[in-house]
Every structure is written in C-alpha cells, then in structure tokens.
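Structure assessment
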Amino acid sequence: MHTDARLVPGRVRLLSVQAPEDIEYLVKESEVLTGRSGRTFVIAGADRLVYRVHWQPLTEPGGHVAGPVVERLGHHGEVLSRQHLQLWEFLEHSLVEAQAAGQLFTPPVRTTP
C-alpha cells in the first residue's frame, strides 16, 4: 500500500489491530488481495507514525532469513528506514507495543488503484 494524506483519521476509516498475530494476517491479506507487497500501519499518537510491513519468504537473495521487514515511512511515502527482523525481534518492535496499547491501526484494503 502507498502512504499519503488519505491515512489521516477522519478522511479514511482506520481498522484497529486487535492482536500481535493479526499483523502478519493483515499483511498477507493485503498482499493477496492487491498483488502488492506489504501493508501500511499507523501508530495513533501525536506524531502519527506510519510503517509498512512486508512478510518475506523463507529465503531471500542477500541472505535474509524469514520474518517481517518493517519500513518507517515519511510524509510522502518515502522509506526513512528499513529493518529486517526475526519474529522474536518483531515482538519487541514499537508496532507491537502500540498494538498492545490499542494505538495500532491500518487502512482497509483497497483493490482498486
């Protein structure tokens, strides 16, 4: 998914992420329905931090192991940072902390451009 002003609450209905395991499901759901890699998540707070999460396959060129890739996105959707994480590392990421605090949201899947 791409990030832009449409992620601002009030303009787009955001879905609350209920459990840590829902993140993987939501990413894969989006990838299947849209054919595009990753899904955007928003941490609701003063900064409205936006991330895109990809779930990489078991092996990937470059030697990365299976697990999530978390990208921090800027205001125009540009990637500010990228982390290749193992599952245990992801469970300690600020996205999972935000989910536990009820502050993690994602826009619904759009299958049309």
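Rules behind the numbers
- Residues numbered from 1 in each chain as written.
- Predicted model: local features only at pLDDT ≥ 70, side-chain atom pairs only at ≥ 80, totals over all residues.
- Heavy atoms only, no water.
- Helix = DSSP H or I, 4+ residues; strand = E, 2+ residues; numbered from the N terminus.
- Buried < 20%, exposed > 50% of the residue type's maximum accessible area, 1.4 Å probe, protein only.
- Contact = heavy atoms within 4.5 Å.
- Core = buried A, V, L, I, M, F, W, Y, C linked by side-chain atoms within 4.5 Å.
- pLDDT = per-residue confidence, 0-100.
- Salt bridge = Lys/Arg side-chain N within 4 Å of Asp/Glu carboxyl O.

Of the regular secondary structure elements, the protein chain holds three helices and six strands. Secondary structure of the protein chain in N-to-C order comes out as β-α-β-β-β-β-α-α-β. For the protein chain, with 113 residues in total, the buried portion stands at 40%. Restricting the contact set of the protein chain to residue pairs at least 6 apart, pairs at least 24 apart contribute 48%.

Counting residues in hydrophobic clusters, the biggest one holds 16 residues, and the most contacted among them are Ile-23, Phe-41, Val-53, Val-70, Phe-90, Leu-95 and Leu-104. When neighbours within four sequence positions are excluded, Leu-104 is seen to be in contact with Leu-15, Ser-16, Val-17, Ile-23, Phe-41, Val-42, Ile-43, Leu-95, Ala-98 and Gln-99.

Parts of the prediction with low pLDDT should not have their coordinates interpreted in detail. Summing up the model confidence of the protein chain, the mean pLDDT is 83 and the portion of residues at 70 or higher is 79%. Within the protein chain, the element-level pLDDT minimum falls on strand S3 (residues 49–60), averaging 81, and the maximum on strand S6 (residues 104–106), averaging 97. Of the regions scoring below 50 in pLDDT, residues 1–9 engages in 28 contacts with residues more than four places distant in sequence or in other chains.

What follows is about unusual backbone geometry. In this structure, Arg-48 takes a positive phi of about 50° despite not being glycine. Note on placement: Arg-48 falls in the loop between strand S2 (39–43) and S3. Arg-48 gets classed as partly exposed once you look at its relative accessible area, which sits at 39%.

Let us now look at the pattern of salt bridges. What the rule picks out here adds up to four salt bridges. Between Lys-28 and Glu-24 there is a salt bridge, with its nearest N and O atoms 2.6 Å apart. Of this pair, Lys-28 and Glu-24 both sit in helix H1 (residues 20–34), four residues apart, which is roughly one turn of the helix. Using a relative accessible area of 28% as the deciding quantity, one classes Glu-24 as partly exposed. Connected through salt bridges with shared partners, the residues Arg-52, Glu-71 and Arg-82 form a single ionic network.

On to the side chain of His-93, then. Relative to the helices and strands, His-93 is located in the loop between helix H2 (87–90) and helix H3 (94–100). You can call His-93 buried: its relative accessible area is 9%. Ignoring anything within four residues of it in the chain, the contact list for His-93 reads Tyr-51, Val-70, Gln-83 and Leu-85.

With respect to the helices, strands and loops of the structure, Pro-108 is situated in the segment after S6. Along the chain, Pro-108 and Ser-30 lie 78 residues apart, while their C-alpha atoms are 8.7 Å from each other.

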